[in-house]
Amino acid sequence: MKKPLILVTNDDGITAPGLRNLVSFMAEIGDVVVVAPDSPQSGMGHAITIDNTLYVKQMKTNLLRNIHQEYSCSGTPADCVKLALQEILDRKPDICVSGINHGSNSSINVIYSGTMSAAIEAGIEGVPAIGFSLCDFSWEANFKAAKKHIITIVSEALANGIPKGVVLNVNIPKLEEKEIKGVKICRQARANWKEKFDKRTNPMGKDYYWLTGEFELLDKGEDTDEWALSQGYISVVPTQFDLTAHHAIHHINNWNLNEH
């Protein structure tokens, strides 16, 4: 039986431990091709490169069995997926997995996430896609704790399909394997960042700013990703890239937009 072709990407860069772990997990399921940024691209959202050239370099690494090729790309996570689908792969992959991100992409963080934007780019192109994130920013984080759950989620997605126009946003709590209670399908929690800028002055007298902030959870529901993570569960949020607020169409249709 032909093994599935799995495209692996991320936003932390091709050498990031999260990606290296995800690659090894996917090699147990199918044939893997890696196309990832050559440097960290966290917080890039769905940015694409339109004012500069893009470079792709095939990596010479000690490849695991079932890993056909690895490429580093000078662009963003979305660029990596575009190049993989249009220039590198000779057929459409059966699934694209992005991550494992160093840090959470739950709740409102999904908007800024390069990890999820790579998965969404694949979804836009009709490729089933999943973004994986671990709620631990440490470079030495324990990515293997959720290995069996990650393999199960990807295997189930391959077997059953992901609804058209939907990408899965998977977040993993910072726990040991025995402490993870299971997986919950959730909605995105309503939250925000209470942001501020730390203003400083450099030795030349020029002002500069560091963005800082505190995460504000505004949602007390027990069906959200934030609640699931706080209770020791892996959260899976079906995310759509159709941003239409369908519930608002009727309201705005009542405006007198053609009367002026």
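Residues numbered from 1 in each chain as written. Predicted model: local features only at pLDDT ≥ 70, side-chain atom pairs only at ≥ 80, totals over all residues. Heavy atoms only, no water.

1. A short note on the overall build of the protein
Here is the rule: Helix and strand definitions follow DSSP, with helices as H or I runs of at least four residues and strands as E runs of at least two, each counted in order from the N terminus. We take the radius of gyration over the C-alpha atoms and set the globule estimate at 2.2 Å times the residue count to the 0.38 power. A contact between two residues is defined here by any heavy atoms of the two lying within 4.5 Å. Each accessible area is a Shrake-Rupley estimate made with a 1.4 Å probe; only the visible protein chains count as cover when residues are assessed. Charge assignment in this entry is limited to Lys and Arg as positive and Asp and Glu as negative, and neither His nor the chain termini are counted. Note that the charge is assigned to NZ on lysines, CZ on arginines, CG on aspartates and CD on glutamates.
The helix and strand inventory of the protein stands at 6 helices and 11 strands. The C-alpha atoms of the protein give 20 Å as radius of gyration, which agrees with the globular expectation for 260 residues (18 Å, within 12%). Each principal axis of the C-alpha distribution contributes one length, and for the protein these read about 60 × 55 × 45 Å. Here the contacts in the protein between residues at least 6 apart in sequence split such that 78% fall between residues at least 24 apart. Summed over its atoms, the accessible surface of the protein is roughly 14600 Å², and 52% of this surface lies on carbon and sulfur atoms. Across the protein, the 25 positively charged side chains and the 31 negatively charged ones have centroids separated by 4 Å.

2. Describing unusual backbone geometry
What you tend to see is this: most non-glycine residues have negative phi, and most peptide bonds are trans. Put simply, the rule reads: Each residue is assigned to one of three classes by its accessible area relative to the maximum for its type, calculated with a 1.4 Å probe on protein chains only: buried under 20%, partly exposed between the two thresholds, exposed over 50%.
In this structure, Ile-100 follows Gly-99 across a cis peptide bond, with omega equal to -10°. With respect to the helices and strands, the residue Ile-100 is situated in strand S5 (residues 95–102). Even without being glycine, Ser-107 reaches a positive phi, approximately 50°. With respect to the secondary-structure elements, Ser-107 resides in the loop between S5 and helix H3 (114–124). For Ser-107, a relative accessible area of 0% gives the class buried.

3. What about the nonpolar core?
Just so we agree on the cut-off: Residue types Ala, Val, Leu, Ile, Met, Phe, Trp, Tyr and Cys, when buried and joined through side-chain atoms within 4.5 Å, form a set referred to as a nonpolar core.
Core analysis: the biggest nonpolar cluster contains 36 residues, and Val-8, Met-26, Val-97, Ile-130, Phe-132, Ile-150 and Val-170 have the highest contact counts within it. When residues of this core are traced back to their parent elements, those giving at least two are strand S1 (5–9), helix H1 (17–26), strand S2 (31–37), S5, strand S6 (129–134), helix H4 (147–160), strand S7 (166–172) and strand S11 (233–240). If we ignore the near neighbours within four places in the chain, the residues touching Ile-150 are Leu-22, Phe-25, Met-26, Ile-100, Phe-132 and Ile-172.

4. Considering H4
Rules: A helix's residues, less one, multiplied by 1.5 Å, set its expected span.
The terminal C-alpha atoms of H4 lie 20 Å apart, and with 14 residues this matches the ideal 20 Å at 1.5 Å per residue to within 8%. Taken as a whole, H4 has its buried residues at His-149, Ile-150, Ile-151, Ile-153, Val-154 and Ala-157. Looking at the buried side of H4, the elements it contacts are H1, S5, S6, S7, strand S8 (182–185) and S11.

5. Quick notes on the side chain of Asp-225
Relative to the helices and strands, Asp-225 is located in helix H5 (residues 225–230). Leaving out residues up to four positions away in the same chain, Asp-225 has contacts with Ser-106, Ser-107, Cys-186, Arg-187, Gln-188, Ala-189, Ser-235 and Val-237.

6. Re the pairing of S7
Let me state the cut-off plainly: At least two bridges found by DSSP between two strands are what make those strands a pair.
Counting buried residues in S7 gives 7 out of 7 residues, a clear majority hidden from the surface. Where burial is concerned, the two faces of S7 agree: the one with Val-166, Leu-168, Val-170 and Ile-172 and the one with Val-167, Asn-169 and Asn-171 are both buried. When S6 meets S7, the two strands line up parallel, connected through 5 bridges. Counterpart to Ile-130 in the pairing with S7 is Leu-168.

7. Examining the side chain of Thr-224
Structurally, Thr-224 can be placed in the loop between strand S10 (207–217) and H5. In contact with Thr-224, not counting residues within four places along its chain, are Cys-186, Arg-187, Ala-189 and Asp-219.

8. A look at the environment of Lys-164
With respect to the secondary-structure elements, Lys-164 resides in the loop between H4 and S7. Judged by its relative accessible area of 86%, Lys-164 is exposed. Through-space distance from the C-alpha of Lys-164 to that of Pro-128 is 8.1 Å; in sequence the pair is 36 residues apart.

9. Examining the pattern of salt bridges
Test applied: Basic side-chain nitrogens of Lys or Arg form a salt bridge, by our definition, when they fall within 4 Å of a carboxyl oxygen of Asp or Glu.
For the structure shown, the criterion picks out 8 salt bridges. Lys-199 is the partner of Asp-207 in a salt bridge, and the nearest nitrogen-oxygen pair spans 3.5 Å. By relative accessible area, Asp-207 is classed as partly exposed at 38%.

10. Observations concerning the pairing of S1
Judged by how many residues are buried, S1 sits mostly within the fold: 5 of 5 residues are covered. Here 4 bridges tie S1 to S2, and the two strands are oriented parallel to one another. In the strand pairing of S2, Ile-6 is matched with Val-32. Where S1 meets S5, 4 bridges bridge the pair, whose relative direction is parallel. In the sheet register, Ile-6 faces S5, and the bridge partner there is Ile-95.

11. Overview of a nonpolar patch on the surface
Rules: Candidate patch residues must exceed 30% relative accessible area and have no salt bridge, after which like charges are joined if within 9 Å and Val, Leu, Ile, Met, Phe, Trp or Tyr side chains if within 5 Å.
Residues Ile-111, Tyr-112 and Trp-193 make up a contiguous nonpolar surface patch of roughly 310 Å² in combined accessible area. Within the secondary structure layout, Tyr-112 lies in the loop between S5 and H3.

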